[in-house]
Amino acid sequence: MGRKLKNLDGVIPCDLFEKLLLESHQVATVVLMLDSPEDDVVIRAGCALFQFSEKCDENKVTLLELNAIDKLVRLLQNDERKIRRFAAMIIGSMSQHADVRKALRKREETIPLLIRLLFWEDDSVVQEYVTLCMSSLAVDYSCKHHLCYYGAMEPLIQCIQLTDPDIQKNSIQTIALMLQDYPSRKCLREANGFEPILNLLKSEYPVIQYYAWISLQLAAEDGENRCILRDLKIARILMDYLIRPETSDLHVFAIMVLVNCFESQGIMKDFRDYGGLQRLLQFITEVQINPEEEKKGKREKSPSKTGAGKKSRAAADEGERQKSKGAVDPGITVMPDIKEQVAKAIMLAARNPDNLKMLHEQDTESKLMHLLVGDRGPALQAAAILALGTMSDYSVIRENIVKHDGLDLLAKFVKTDNAELIEALSLAYANFTKDNHTICGEMLNRGIVDQLLSMITNPRETTVVCSVMALNNIANDESSRSELIGRGIISNLVELLHSKSCLVQTKTLMSLASFLVDSEAEKQMMESGCIELLLSMFDSGDESVIEAASWVVFVMAANETIAADICSKGGLAVLRRIQCSTSRRNPFSELALRKLFDFQLSAKYAFTGIIDSDNLIVDLFYDTGRLKEDGQLKTVEEYGSEPINDKRPILLVNPRPQIVVVETHSVHEVSVVHEVVEKVSKTALGVGSVSKLR
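A.B. asks: If you had to explain the overall build of the protein to someone new, which residues and values would you point to?
C.D. replies: A count of helical and extended segments in the protein gives 43 helices and six strands. Counting only residues that meet the buried cut, the protein has 50% of its 694 residues in that class. Contacts spanning at least 24 positions in sequence make up 70% of the contacts within the protein whose residues lie at least 6 apart. Of the roughly 34200 Å² of accessible surface on the protein, a fraction of 51% belongs to carbon and sulfur atoms.

Here it is in structure tokens:
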């Protein structure tokens, strides 16, 4: 209730209302006070609503239901500085709730208004809560795009250069979230934001360093950004950071940045010249740190902040992160995670031939094989195997791995049921067997082939593809190929053609083509009755599948019996249809069609008008005249059963010494020709003849 205030100065003028002290316990009443024309009333209401919002999430929803958002957004544009401050504080506090963020996203003016406040407002409290609101909104992908589109990157870069740690933390967190969207990475480059972010690595607050590393990691996925980072001596910065023991809890994130930087040429060399490569490899060979012991050695940071004795929100957030239980702390990482990231960095660096030589000089493959000894966790060992598999593209490294019993180390994972390990093994085997018959023989003798045969039934696409490639490499050796065929690999590969993955189908078809040079493989292929399945591959919308299927048909058509079977099941028509398509035709389909034409000379002459000098005309060759590309060639029986017409006669040729010409002029003679055709089709004519049908 309200009560009158005593007038100490005498009579109150007639045009003024007597001062009234208002007490209210209803939040709806306080929200209505935001519409007051008196600044003092709005400020007091804003202070009360901020305290109300900070208490719990239910209060934030209550304010949303009372339509406080519309009033607060309007107050952000008020001329009074204190009103803008409390409006920003309330919106920043409320924005941490998902329903409030959804309501803010629906208002088109929200993000442009927040960006304008950052540009022109010099109040640190407003900047803190506006950036807090932005970091909350940036969780949504549509808001990431809008923040980038309306130019939020430039004021955020300015904010991270301020001295207030709360503003720095909110700003760099927003940038880290924005960089998940690719256009923002270009905006960061245009805003010259790399140097300010690198300066944040010197912050005394680990949470700020954490988001700075995350931002650099995402930005380094862009090639142009990596060039800028190289100019800023990122290799030296990473080296200096990795040799500091007090920052060990964030080393893993520095290595994650290094992983992306190794994608570009030159950074690896810079890193080696600064001594960073040796330090990086030390992470692999160092003794594993117990997580409990590592936590005891963590550095403690003071949450104090210069100013009016206010507690830093960044320090509070860091305290909450360290006190949380049951969750992995993103700022505190145990040694196995660091080793895993080092292995990934080596894998990416090994894609470049120049980097491979530098890695070999440091005997990196031996250090990686050290990680395969004992039980170090499937994730770490899978990363080490992937790195070894990638490095084995270099023949010298491959032979060195085998020389140091690398195959034995890999073979111990034969019975593992971990999907990541199996996938890593398949890649390693595919690279080990590349152009090396000695290693292929070793794998065959050690029983690794049985493991590869089991891998091709794995549900993971990458595992299946790499396993098929490894088996294909082994099949290049004739003796190994025969043994694989004896183990029934053809039926396994045929089964893979039912896969929905175009990549699996392509690699399987190419592998089948390698095996089908063997007569036993051809026999198994025919017994499996997969010609129809093979021809169905030409209905795929993937060009690589059609090319691979064409190559298989070309290889199989070398056998006259198989070529005849393919033609009888419509293979000739399928390949002609492919050749008529400008988008689906390819050199392999042309070769396959030519091969089938050699066994169907009547069709070849009808569609091409050419008989090559090495083609031998045998019985039942018939000349229908030139057909169109989309025309249909019928059989001799079908042509013989047609009624007489005045079209071009069809010549049936039997290349024997005696030639007999039969001309039909009556119905009786037509029946005679029909008998001749029937006799030809059954007995292939005992004497040479040319029959003119029609």
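Back to the text.
A.B. asks: Please provide a residue-by-residue account of the pattern of salt bridges, values included.
C.D. replies: Applying the stated criterion across every chain, the model contains 28 salt bridges. What you see here is one network of salt bridges that share partners, running through R81, R85, D122 and D123.

A.B. asks: So what's going on with the nonpolar core? Which residues, and what values?
C.D. replies: W213, F271 and Y429 are the most contacted members of the largest nonpolar core, which has 201 residues in total. Of all the elements, helix α14 (residues 206-219) adds the most residues to this core, at 10 residues. Non-local contacts of Y429, meaning those with residues more than four positions away in its chain, are made with L410, A411, M443, I448, Q451, L452, M455 and A470.

A.B. asks: Which residues make up the packing of aromatic side chains, and what are the values?
C.D. replies: Scanning the entire structure with this criterion turns up nine aromatic pairs. Each ring, one from W213 and one from Y241, has its centre 4.8 Å from the other, and the planes form 75°; the classification is edge-to-face. On the criterion of sequence distance, the pair formed by W213 in helix α14 and Y241 in helix α16 (residues 234-242) is long-range, its members being 28 residues apart. A relative accessible area of 2% places Y241 in the buried class. Here the aromatic rings of W551 and F554 are separated by 5.2 Å at their centres, their planes lie at 25°, and the arrangement is stacked. Taken together, the residues span about one helical turn, with W551 and F554 both in helix α37 (residues 543-556) at a distance of three residues. Following the ring pairs from residue to residue traces out a cluster consisting of Y210, Y211 and F253. In this structure, K144 packs its charged tip against the face of Y141, placed 4.8 Å from the ring centre.

Scoring rules and cut-offs
Every chain's residues receive numbers from 1 upward, in the order its sequence appears when written. With the structure being a predicted model, the display of local features is reserved for residues of pLDDT at least 70 and the display and counting of side-chain atom pairs for 80 or more, all residues being used for whole-chain, interface and lining totals. Computation of side-chain values: all heavy atoms of the structure, hydrogens and water removed. Each helix is a run of H or I in the DSSP string that is no shorter than four residues. Each strand is a run of E no shorter than two, and both are numbered from the N terminus. A 1.4 Å probe rolled over the protein chains alone gives each residue an accessible area, and that area as a share of the maximum for its type sets the label: buried under 20%, exposed over 50%, partly exposed in between. Contacts were defined at the residue level, with two residues in contact if any of their heavy atoms lie within 4.5 Å. Exposure was quantified through the Shrake-Rupley algorithm and a 1.4 Å probe, taking into account, for residues, occlusion by the shown protein chains and nothing else. One side-chain nitrogen of Lys or Arg within 4 Å of one carboxyl oxygen of Asp or Glu is enough to make a salt bridge. Joining through side-chain atoms within 4.5 Å is the link that ties buried Ala, Val, Leu, Ile, Met, Phe, Trp, Tyr and Cys residues into a set, and such a set is a nonpolar core. Whether two aromatic rings pair depends on their centres lying within 6.5 Å, for rings of Phe, Tyr and Trp, where Trp uses its six-membered ring; planes under 30 degrees apart make the pair stacked, over 60 edge-to-face, and the rest tilted. Remark: a charge is flagged as sitting over a ring if the NZ atom of Lys or the CZ atom of Arg is within 6 Å of the ring centre and within 35 degrees of the ring normal.

Geometric values such as these leave the question of function open.
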